[in-house]
Amino acid sequence: MWLLPLAPSGPGRNSPRHLPSCSPALLLLLLGSYLGVSGVAEGSRRPNVVLLLTDDQDEVLGGMTPLKKTKALIGEMGMTFSSAYVPSALCCPSRASILTGKYPHNHHVVNNTLEGNCSSKSWQKIQEPNTFPAILRSMCGYQTFFAGKYLNEYGAPDAGGLEHVPLGWSYWYALEKNSKYYNYTLSINGKARKHGENYSVDYLTDVLANISLGFLDYKSNSEPFFMMISTPAPHSPWTAAPQYQKTFQNVFAPRNKNFNIHGANKHWLIRQAKTPMTNSSIQFLDNAFRKRWQTLLSVDDLVEKLVKRLEFNGELNNTYIFYTSDNGYHTGQFSLPIDKRQLYEFDIKVPLLVRGPGIKPNQTSKMLVANIDLGPTILDIAGYNLNKTQMDGMSLLPVLKGASNLTWRSDVLVEYQGEGRNVTDPTCPSLSPGVSQCFPDCVCEDAYNNTYACVRTLSAQWNLQYCEFDDREVFVEVYNLTADPDQITNIAKSIDPELLGKMNYRLMMLQSCSGPTCRTPGVFDPGYRFDPRLMFSNHGSVRTRRFSKHPL
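Now for a description of the structure that goes with this document. (Residues numbered from 1 in each chain as written. Predicted model: local features only at pLDDT ≥ 70, side-chain atom pairs only at ≥ 80, totals over all residues. Heavy atoms only, no water.)

**Structural notes on the environment of Asn362**
With respect to the element layout, Asn362 can be found in the loop between β12 (352–355) and β13 (363–365). The spatial distance from the C-alpha of Asn362 to the C-alpha of Met79 is 6.2 Å, given a sequence separation of 283 residues. Leave out the neighbours within four places in its chain, and Asn362 touches Gly75, Glu76 and Gly78. (Helix = DSSP H or I, 4+ residues; strand = E, 2+ residues; numbered from the N terminus. Contact = heavy atoms within 4.5 Å.)

**What to know about the pattern of salt bridges**
As enumerated under the stated definition, the model contains 20 salt bridges in all. Between Glu223 and Arg137 there is a salt bridge, with its nearest N and O atoms 3.4 Å apart. Taken together, the positions of Glu223 in the loop between α8 (204–218) and β8 (225–230) and Arg137 in helix α6 (residues 132–140) put the pair 86 residues apart, joining distant regions of the chain. Put simply, Glu345 and Arg456 hold a salt bridge, and the shortest N to O gap is 2.9 Å. Taken as a pair, Glu345 in helix α11 (residues 345–348) and Arg456 in strand β18 (residues 452–458) lie far apart in primary sequence, 111 residues in all. By relative accessible area, which is 7% here, Glu345 ends up buried. Taking the relative accessible area as the measure of exposure, Arg456 reaches 2% and is therefore buried. (Salt bridge = Lys/Arg side-chain N within 4 Å of Asp/Glu carboxyl O. Buried < 20%, exposed > 50% of the residue type's maximum accessible area, 1.4 Å probe, protein only.)

**Things to note about the packing of α6 against helix α12 (residues 374–382)**
In the contact formed by α6 and α12, the axes pass within 10 Å of each other and the chain directions differ by 15°. One way to sum up the angle between α6 and α12 is to call them roughly parallel. Where α6 crosses over α12, the two elements pack in a sense that is right-handed. Residues Phe132, Ile135, Leu136 and Cys140 of α6 form the contact with α12, whose participating residues are Gly375, Ile378, Leu379 and Ala382. Per-class residue counts for the contact of α6 with α12 are 7 nonpolar, 1 polar and no charged. (Axes fitted to C-alpha atoms, helices over the stretch in contact; angles between N-to-C directions. Parallel < 35°, antiparallel > 145°, perpendicular 65-115°, else oblique. Left-handed = near helix turned anticlockwise from the far one by under 90°. Nonpolar A, V, L, I, M, F, W, Y, C, P; charged D, E, K, R; others polar.)

**Remarks on the packing of helix α2 (residues 68–75) against helix α10 (residues 279–312)**
Contact pair α2 / α10: the axes reach a minimum separation of 8 Å and the direction vectors enclose 35°. Read as a crossing pair, α2 and α10 show a hand that is left-handed. On the side of α2, the interface is formed by Lys68, Lys69, Thr70, Leu73 and Ile74, while α10 contributes Asp300, Asp301, Val303, Glu304 and Val307. Its residues placed into classes, the contact of α2 with α10 shows 4 nonpolar, 1 polar and 5 charged.

Right, dumping it as structure tokens:
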């Protein structure tokens, strides 16, 4: 049964009659500037937007390989970004960045716990009213639809439970807490609905597909719409649909150059991994890799159904479709069995495919982009004045439209706050307190001082990553990805000291940036200016990096 949308939260607040910032006239001017006069008539109806978000889908290790229909229906019909990154390689901070358009140090979600501000009362009060879906609904008159995983702690009793529906959503079908495929509970416009383990009615990816198709059939045709569909796949427990459980039997995790090798010259957490891995660990990660691909086949089906329904309803040509993931993943790189959280390409790089009005087919963009750009882009599509936001990201719309002589960024910030409690893991008694995610074979994927920040730089001449850890060593990792794409050799001790100083200063600037200051010229941009005196405080001491010890 299709449910009615949520009631407006106040007089005029969610009403399309009150559009001070997203008027159709403004949008026509915007479209005219990108498309020329001939494109304005066709763009007189405000575009719809669909955002498809997967959970833990990598790009570096072939995560898009199973999605043949998605690549054909979105990537080949539009633009694929080959350099798309997340500002934090963990679900909740990354998803918060998508919703707010901000780096983690500005939205203050640092991990997947309530204490780390993941769907906390503070998040709900301070950040949710300013997310891009809230702006789309209240200021632009869009119907807004959400289905799937929201934030890892959504539905927690201490944060309003499943009755809480974030401001700005017209239709709300959100999963309680973390990804599952069966035996889960959904908040349906604030009311709990439990699901069991019957594939035909409970398999979550298919349930999300059916709910989404229902929305497309029963929504209002008088307002444009925004849909965010957030699948559990390919997150653990990697439960594939029955028809796909025997696929990819001859597929194994990629044996690339950094597979099952010791992470020499890296942070101690990477060095502690057991090398070579045991046969049982390799079998475990190969099986996980295979099952992850199996779960993605249902996502591929969802995408196909969605695109076909949009086409059948006559709305495909006026709809932008974005496909991406909240973070990457690793399976055996540097002898780390399975997880995310690390600073390397396999964890921070994600797929990003976009199709829509005015986007030419079969394009690949090498522009350096991040998921903080999704919110500004979608608001730009809706005609909203981005100067009225506090977002750190940039609109991708000029890139998507093929604008010439475009000035673009050359670096993005990546930041992560490690998790670990001051207790010993009972399954690994030989390990010291402060480590976490220790599986299998007591190889730990995280620790309290796995706290780092990086500048990821990509320019015409340079392809670098500079990272600093907040630990006793003040450990530094630097990689030249042109010469070393697998990030095997840490060149921190051999790189030009002057360049190292510039990267250190740029990192400090980005860690304290907000809004426009997050988009200032990078080290290798023509407009960059480096003043070594700024490396020091008024008292003559070297400035230190800003790591958030307290989320709020």
